[in-house]
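Topology and contacts: notes
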Amino acid sequence: MDTVELSPAQQTRNWVEKVIMKYNICPFARQEVLRNSICYQVVDEQALAEVLTAFIKACQTLDENPQIETSLFIIPRGFEGFYQYLDLVDIATDLLIEQGYEGTYQLASFHPDYCFDGEPQNSAANYTNRSPFPTIHIIREASMEQALADYDDPESIPERNIAFANRKGSEFFANLLQSCAHKSQ
């Protein structure tokens, strides 16, 4: 059976549906997937300044389109190194503040090599934040506050996810993440 590698946007969409939503990693994702209110924005630029310009444009797109609940800012090239990517996330966070978006948007980070501080690289727990490509999740802060207020015990979400990942194991998640990249022909 032949397989075709999917676009970064489609791979990320598959990851949201096959991993994040299916296994309830984010209990708020299902509603947005069903509403089709997630923007999957692929950034072709690799230079830091150009990526940051595109990042602010992604925030402006959210400003102008209230029907878009959240944006996944996908960076397929240029930030494959995890620590280089973390530097980008730090700069993007500072840029949010500089551009007056503090309190409007917050960021979550996902990367193919995501590794929590203090966790071994091969720990299954890291898969709760591993994605097909380096991705910055731009979240409407007011919506997140409301979702958390409506959710019983939101503090338990990370612990529940880590326990689930550890039960399933790294190989399960590595295979699942790999399955997001291709479509069978």
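Data block above holds the structure.
Residues numbered from 1 in each chain as written. Predicted model: local features only at pLDDT ≥ 70, side-chain atom pairs only at ≥ 80, totals over all residues. Heavy atoms only, no water.

1. Quick word on the sheet that holds strand 2 (residues 38-42)
For the record, the criterion: Two strands make a pair as long as DSSP finds a minimum of two bridges between them. For the purposes of this entry, the term helix denotes a DSSP run of H or I that reaches at least four residues, the term strand denotes a run of E that reaches at least two, and both are numbered from the N terminus. Simply put, an axis is a line fit to the C-alpha atoms, just over the touching stretch for a helix, and the angle between two N-to-C directions goes from 0 to 180 degrees. In this description, contact between two residues means that some pair of their heavy atoms is separated by no more than 4.5 Å.
Taken in spatial order, the four strands of this open sheet run 2-3-5-4, and their pairing is mixed. The sheet is open, and its two borders are formed by strand 2 and strand 4 (105-110), each paired with just one other strand. Across the sheet, the mean angle separating the axes of adjacent strands is 20° when strand polarity is ignored. Strands strand 4 and strand 5 (135-140) of the sheet are contacted by helix 5 (residues 141-149), whose axis makes an angle of about 75° with strand 5.

2. Points about the pattern of salt bridges
Our working definition: Think of a salt bridge as a Lys or Arg side-chain nitrogen and an Asp or Glu carboxyl oxygen that are within 4 Å of each other. Relative accessibility thresholds used throughout: buried, under 20% of the residue-type maximum; exposed, over 50%; partly exposed, between the two (1.4 Å probe, protein chains only).
If you walk through the whole model with that rule in mind, you get two salt bridges. Across the pair Glu32 and Arg35 runs a salt bridge, and its minimum N-O distance is 2.9 Å. Taken together, the residues span about one helical turn, with Glu32 and Arg35 both in helix 2 (residues 29-35) at a distance of three residues. When its relative accessible area of 11% is taken as the criterion, Glu32 is described as buried. Between Asp44 and Arg77 there is a salt bridge, with its nearest N and O atoms 3.6 Å apart. Pair noted here: Asp44 is in the loop between strand 2 and helix 3 (48-64) and Arg77 is in the loop between strand 3 (70-74) and helix 4 (82-98), with a separation of 33 residues, a long-range link.

3. Things to note about the packing of helix 3 against helix 4
Definition in use: If an angle is under 35 degrees, it is roughly parallel; if it is over 145, roughly antiparallel; if it lies from 65 to 115, roughly perpendicular; otherwise it is oblique. Each helix crossing is assigned a hand: it is left-handed if the near helix lies turned anticlockwise from the far helix by less than a right angle, otherwise right-handed if that turn is clockwise. Nonpolar residues are Ala, Val, Leu, Ile, Met, Phe, Trp, Tyr, Cys and Pro. Charged residues are Asp, Glu, Lys and Arg, and all others, Gly as well, are polar.
Contact geometry of helix 3 with helix 4 gives a least axis separation of 11 Å together with a crossing angle of 50°. By the angle class used here, helix 3 and helix 4 are oblique. Seen along the crossing, helix 3 lies across helix 4 with a hand that is right-handed. Facing helix 3, whose interface residues are Leu48, Val51, Leu52, Phe55, Ile56 and Cys59, helix 4 presents Leu88, Ile91, Ala92, Leu95 and Leu96. Grouping the amino acids of the contact of helix 3 with helix 4 by side-chain chemistry returns 11 nonpolar, no polar and no charged.

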